[in-house]
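Listed below are the residues making up each chain.
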2 protein chains.
Amino acid sequence: MSRKASLSGFHEWLPAERIVEQHVLDTLRRTFELHGFSSIETRAVETLGQLLRKGEIDKEVYAVSRLQEDQTAQSGAEAKDPNDPKRLALHFDLTVPFARYVVENAGHLAFPFRRYQIQKVWRGERPQEGRAREFTQADIDVVGDGTLPFRYDVDVALVIAEALGALPIGDFTLRINNRKLAEGFYRGIGLEDTAGVLRSIDKLEKVGAERVAELLQEELGATAEQAAQALALAQIRTEDTSFVEQVRALGVEHELLEVGLAELTEVIGELHRRAPGRAVADLSIARGLDYYTGTVYETVLTGHEQLGSICSGGRYDALASKGNRVFPGVGLSIGVTRLVMRMLSQQMATASRSVPTAVYVTLANEDSWSAAQDTAQLLRARGIAAEVAVSAEKFGKQIKYADRRGIPFVWFSEVGEDGALTHQVKDIRSGEQVDADPETWTPPAADLVPQVVQA
Amino acid sequence: MSRKASLSGFHEWLPAERIVEQHVLDTLRRTFELHGFSSIETRAVETLGQLLRKGEIDKEVYAVSRLQEDQTAQSGAEAKDPNDPKRLALHFDLTVPFARYVVENAGHLAFPFRRYQIQKVWRGERPQEGRAREFTQADIDVVGDGTLPFRYDVDVALVIAEALGALPIGDFTLRINNRKLAEGFYRGIGLEDTAGVLRSIDKLEKVGAERVAELLQEELGATAEQAAQALALAQIRTEDTSFVEQVRALGVEHELLEVGLAELTEVIGELHRRAPGRAVADLSIARGLDYYTGTVYETVLTGHEQLGSICSGGRYDALASKGNRVFPGVGLSIGVTRLVMRMLSQQMATASRSVPTAVYVTLANEDSWSAAQDTAQLLRARGIAAEVAVSAEKFGKQIKYADRRGIPFVWFSEVGEDGALTHQVKDIRSGEQVDADPETWTPPAADLVPQVVQA
């Protein structure tokens with residue numbers, strides 16, 4: 001992490017760092033599959049028309065073009081419209097591509113369709129601390145055909161709490177709100193531009209309550225009292241369902257507010273019961289410009305709040321649509337790269353070694369390579385990663401090589417008096433050397449594969 | 001596979017197809033790690049300067065630019081040179097990015113460095129049968145600092161033979177040649193433009209021996225006898241090291257030929273011994289324009305020869321260099337997408353189901369969801385993927401839903417007379433229903449996770 005990326009915003013891991021990232025990805029995949037999510041991947045490119053459908057993100061898009069076509073265009077043969085909706089561009093998230101995938105393959109999928117998707121995405125924005133131009137996201141979504149029962153809003157939050165809880169990242173909190181609750185409340189106090197209010201409330205952490213109150217009055221024509229009420233709502237934060245009483249104490253009534261209160265109660269109640277300490281009802285969560293229609297989620301890492309949300313999402317009444325057919329969805333997206341960058345830069349977790357190899361099989365002489373491969377193969381057949389030396393240098397040199405690569409064990413074989421091979425294995429760290437049989441010897445569990453340990 | 005990609009050349013799998021691809025990727029990863037290869041990933045983009053360093057592939061490159069910059073350029077503010085070496089483009093293989101990675105991180109790597117890399121690559125070429133514009137490659141390479149013992153040429157071929165042998169793809173053959181052998185032979189018969197001869201020999205399968213003989217004479221000024229000799233060499237194909245005698249019988253002598261014969265003997269001899277039937281010495285293999293300097297490998301799938309090579313590679317004397325420091329390498333690259341497309345289109349392998357879920361926990365009534373989650377969690381804790389129904393529809397409907405998704409087992413719980421839960425599990429396929437305890441019940445091994453089975 002002290003190394004500088006050779007292209008700003010494009011990070012590459014060293015082998016030991018990659019092991020930490022792989023551990024994160026493997027853990028997420030395992031949790032998602034245990035909960036019945038199917039893996040899919042979508043192509044890296046979408047058409048601009050598809051990507052910009054929801055607007056306002058064109059600045060961040062990387063367009064893609066065949067170099068040959070660019071050369072043709074340069075020679076003046078054809079003018080190119082940079083905003084041609086058929087033009088290809090790299091996807092900037094996994095939600096837009098998933099929505100397209102669902103529409104294209106609706107006839108082949110069983111709904112509600114549970115999918116996870118772990119892929120790289122690209123954004124052309126200026127790289128800032130914690131932001132990358134290329135990064136990995138891990139998304140889960142459940143999408144229905146026509147309807148999607150509300151319980152999935154609880155389900156996906158439970159899966160994410162379990163998945164993040166299985167990572168060596170310490171404590172975290174899912175902050176959950178509900179758009180219907182907020183919008184109903186705003187309407188109840190007479191503010192009809194609910195999107196505008198949400199946009200202002202979204203700035204709360206950045207600019208503070210006083211400034212948000214000013215914005216609500218200046219930009220949305222709210223009275224001082226309306227602004228105060230909107231801010232009072234945004235200040236409610238409870239670990240259990242007691243947020244309901246606090247909202248009621250504000251004395252606002254609206255039908256949509258009731259629906260939102262009931263929904264958020266169901267999510268927070270069940271999370272409080274099944275994953276205590278993992279979630280709060282946080283009525284300041286707005287999720288900016290995203291087109292959510294109910295539950296919204298953010299996640300902060302305890303002690304790393306300034307990192308921003310490491311996992312966000314929400315409910316869409318229409319994730320996708322195809323003619324009259326509508327596909328509602330609910331899901332969350334983990335910012336894997338952001339998380340792994342933090343884990344590595346703060347040494348939250350490290351790999352016990354940088355190579356998968358557990359055993360380095362040495363050579364007694366140049367002719368023993370094939371026999372050494374036999375030994376290694378017996379180890380590998382039992383899941384023990386083994387490499388064979390390529391030249392019969394002095395043992396000291398062979399051991400040094402293994403040590404330098406971080407391989408914990410070296411293996412020695414020699415032809416005994418009866419012509420059969422005898423074997424010994426040495427733990428480089430302790431220096432302990434014992435007789436061993438390649439068909440039965442097993443390293444301690446902690447040495448079998450690289451361990452990723454929380455600091 | 002009967003579905004048409006919505007963007008030509010960009011394939012996307014349905015969940016059941018993706019399980020086959022995941023099985024291939026997991027198997028490769030496991031084999032590579034058992035042999036001590038470290039995982040790395042490189043960024044998707046390289047500079048044009050880096051990508052085009054080895055020349056002649058510019059037609060296939062996808063350039064990448066920030067949409068905003070394109071809009072600025074369109075407005076005439078700045079002219080853009082499509083061939084600007086600093087321009088970004090998507091990588092078209094994993095070798096060029098790996099070479100850059102080695103140079104950039106040389107100070108942090110232990111050499112010889114064994115790495116595997118499984119990533120997507122992009123080529124802007126016209127999609128043909130079996131060709132894609134976006135596809136996944138799985139590469140292994142060993143790279144040395146200054147020198148790299150020849151035994152690694154044997155090592156990587158053995159690893160690939162084992163990795164491909166673990167896939168449900170039937171028989172395959174590694175076809176191996178050696179550039180030194182071929183070049184030494186050509187020089188020995190007086191043909192000095194060895195690259196030219198290799199280029200012509202590379203066309204042997206496409207245009208036939210007669211046409212190659214013409215090409216050698218027309219384009220390279222070879223005599224009829226020289227052409228006949230070059231073709232005679234290319235016709236040698238043996239499973240063991242008997243190719244040596246056949247080459248010697250052609251009566252050509254050259255120092256480089258001797259080196260090549262010795263090297264190829266070592267590779268074929270060891271493969272013949274350790275992986276019988278997996279490799280042949282095939283003296284027609286040229287690997288076209290690739291800048292290999294010794295061993296070259298191709299791999300064909302038995303019965304699918306017209307698919308072309310599914311795994312190719314070779315030895316580079318200088319995979320990368322940094323000032324005076326040279327990094328030789330040897331490795332192979334598996335065309336995963338090409339392979340998986342063939343596996344699916346020919347039904348060589350199929351997934352036993354399209355969801356990871358083994359058990360669908362039904363609801364007896366609307367209030368039992370949380371208890372059902374407890375049951376599911378007991379199963380998941382023992383590695384059994386379980387989903388919970390979201391509404392207490394009639395059991396028939398809940399079973400139908402599980403069946404439609406391909407989930408093999410449904411689970412029923414009810415509150416017994418003593419107030420404790422009693423459980424039953426039903427195999428949807430056989431209809432058999434038995435008492436079960438969520439803390440101990442286990443599905444048959446074949447039902448635990450989706451199996452990928454060879455047809």
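Since the structure is predicted, the reported quantities are computational estimates derived from the model, not experimental observations.

A.B. asks: What should I look at first to understand the overall build of chain A in this one?
C.D. replies: Summing up its helical and strand segments, chain A has 16 helices and 19 strands in all. With respect to the principal axes defined by its C-alpha atoms, chain A has extents near 95 × 65 × 45 Å. Across chain A, every contact between residues at least 6 apart in sequence was considered, and the portion connecting residues at least 24 apart equals 70%. With the model as given, the accessible surface of chain A reaches about 18400 Å², and the carbon-plus-sulfur share is 47%.

A.B. asks: Can you walk me through the pairing of strand β6 (residues 134-143) of chain A in this structure?
C.D. replies: Taken residue by residue, a regular strand's side chains alternate between the two faces of the sheet. Residue and element names in this part refer to chain A. With ten of ten residues buried, β6 is to be regarded as a mostly interior element. Of the two faces of β6, the one carrying E134, T136, A138, I140 and V142 and the one carrying F135, Q137, D139, D141 and V143 are both buried. Across seven bridges, β6 lies against strand β12 (residues 325-335) in antiparallel orientation. Of the residues in β12, the one forming a bridge with V142 is V330.

A.B. asks: Would you take a moment to explain the interface of chain B and chain A for this structure?
C.D. replies: Taken together, the contact between chain B and chain A spans 100 residues of the former and 99 residues of the latter. For the pair chain B and chain A, the two sides together bury roughly 8400 Å², of which 49% comes from carbon and sulfur. Here chain B is connected to chain A by 14 salt bridges. For R29 of chain B, the salt bridge identified is with D26 of chain A, shortest N-O distance 2.8 Å. At the junction of chain B and chain A, the tally comes to 54 residue pairs in polar contact (both at pLDDT 80 or more).

A.B. asks: I keep staring at the domain arrangement of chain A and nothing clicks. Help me out?
C.D. replies: Accessible area lost upon the coming together of the parts serves often as the stated size of an interface. The domain boundaries assigned to chain A delineate domain 1 (1-44 + 91-170 + 302-351), domain 2 (172-275) and domain 3 (359-454). One C-alpha centre belongs to domain 2 of chain A, the other to domain 3 of chain A; they are set 63 Å apart.

A.B. asks: Sorry if this is basic, but what is going on with the packing of helix α1 (residues 15-34) of chain A against helix α13 (residues 336-345) of chain A here?
C.D. replies: Two measures define how a pair of helices packs: the angle their axes make with one another and the distance between the axes. Residues and elements named next belong to chain A. Closest axis-to-axis distance for the α1/α13 pair is 10 Å, and the angle between their directions is 135 degrees. Viewed along their axes, α1 and α13 adopt a mutual orientation that is oblique. Crossing geometry of α1 relative to α13 is assigned as right-handed. Along the contact surface, α1 presents E17, V20, E21, V24, L25 and L28, while α13 presents V336, V340, M343 and L344. Grouping the amino acids of the contact of α1 with α13 by side-chain chemistry returns eight nonpolar, no polar and two charged.

A.B. asks: Explain the pattern of salt bridges to me, please; I cannot follow it from the model alone.
C.D. replies: Scanning the model with the defined rule gives 66 salt bridges over all chains in all. Residue E387 of chain B is joined to R114 of chain A by a salt bridge in which the shortest nitrogen-to-oxygen separation is 3.9 Å. A residue pair is termed interchain when its members come from two chains, as with E387 of chain B in strand β15 (residues 386-388) and R114 of chain A in strand β5 (residues 113-122). Classification of E387 of chain B as buried rests on a relative accessible area of 2%. Connected through salt bridges with shared partners, the residues E12 of chain A together with R43, E46, R100 and E104 of chain B form a single ionic network.

A.B. asks: How should the side chain of R380 of chain A be read in this particular structure?
C.D. replies: For R380 of chain A, the position within the fold is in helix α14 (residues 369-381). The side chain of R380 of chain A is buried and forms no salt bridge, while E162 of chain B, the nearest opposite charge, is found at 4.8 Å. When neighbours within four sequence positions are excluded, R380 of chain A is seen to be in contact with Q373, A386, E387 and V388 of chain A together with L34 and H35 of chain B.

A.B. asks: Which parts of the structure should I look at to understand the relation of the copies chain B and chain A?
C.D. replies: Two chain copies, one operation linking them: a rotation about an axis together with a shift along it. For the pair chain B and chain A, the relating rotation is 180 degrees, the translation along its axis is 0.0 Å, and the fit reaches an RMSD of 0.0 Å. Taken together, these values place the two copies in the relation of a two-fold axis. It is V64 of chain B whose C-alpha, among those of chain B, lies nearest the rotation axis, at 2.3 Å. Interface overlap between copies: 99% of the residues of chain B at the interface are likewise at the interface in chain A, consistent with a symmetric, same-surface contact.

A.B. asks: How should I be thinking about the packing of aromatic side chains in this particular structure?
C.D. replies: Aromatic ring pairs: the centre-centre distance and the angle between the two ring planes describe each pair. Tallied over the full model, the rule gives 19 aromatic pairs over all chains. Ring plane angle 50 degrees and centroid distance 5.1 Å describe the contact between Y360 of chain A and Y401 of chain A, whose orientation is recorded as tilted. Pair noted here: Y360 of chain A is in strand β14 (residues 359-361) and Y401 of chain A is in helix α15 (residues 395-405), with a separation of 41 residues, a long-range link. Across this residue pair, the class does not change: Y360 of chain A and Y401 of chain A are buried. Site record: aromatic cluster; members linked through ring pairs are F409, W411 and W441 of chain A. One residue, R114 of chain A, lies across the ring of F37 of chain A, its end atom 4.3 Å from the ring centre. When the ring centre of F409 of chain B is taken as reference, the NZ or CZ atom of R429 of chain B above it lies at 5.4 Å.

Calculation notes
Residues numbered from 1 in each chain as written. Chains lettered and ligands numbered in written order. Predicted model: local features only at pLDDT ≥ 70, side-chain atom pairs only at ≥ 80, totals over all residues. Heavy atoms only, no water. Helix = DSSP H or I, 4+ residues; strand = E, 2+ residues; numbered from the N terminus. Contact = heavy atoms within 4.5 Å. Areas by Shrake-Rupley, 256 points an atom, 1.4 Å probe, with all protein chains shown as cover. Buried < 20%, exposed > 50% of the residue type's maximum accessible area, 1.4 Å probe, protein only. Pairing = 2+ DSSP bridges. Buried area = accessible area lost by both parts, 1.4 Å probe. Salt bridge = Lys/Arg side-chain N within 4 Å of Asp/Glu carboxyl O. Polar contact = N/O pair within 3.5 Å; in protein donor to acceptor, adjacent residues only side chain to side chain. Domains from an automatic or database assignment. Axes fitted to C-alpha atoms, helices over the stretch in contact; angles between N-to-C directions. Parallel < 35°, antiparallel > 145°, perpendicular 65-115°, else oblique. Left-handed = near helix turned anticlockwise from the far one by under 90°. Nonpolar A, V, L, I, M, F, W, Y, C, P; charged D, E, K, R; others polar. Lys, Arg positive; Asp, Glu negative; His and termini not counted. Least-squares fit on C-alpha atoms with pLDDT ≥ 70 in both. Phe/Tyr/Trp six-rings, centres within 6.5 Å; stacked < 30°, edge-to-face > 60°. Lys NZ or Arg CZ within 6 Å of the ring centre and 35° of its normal.

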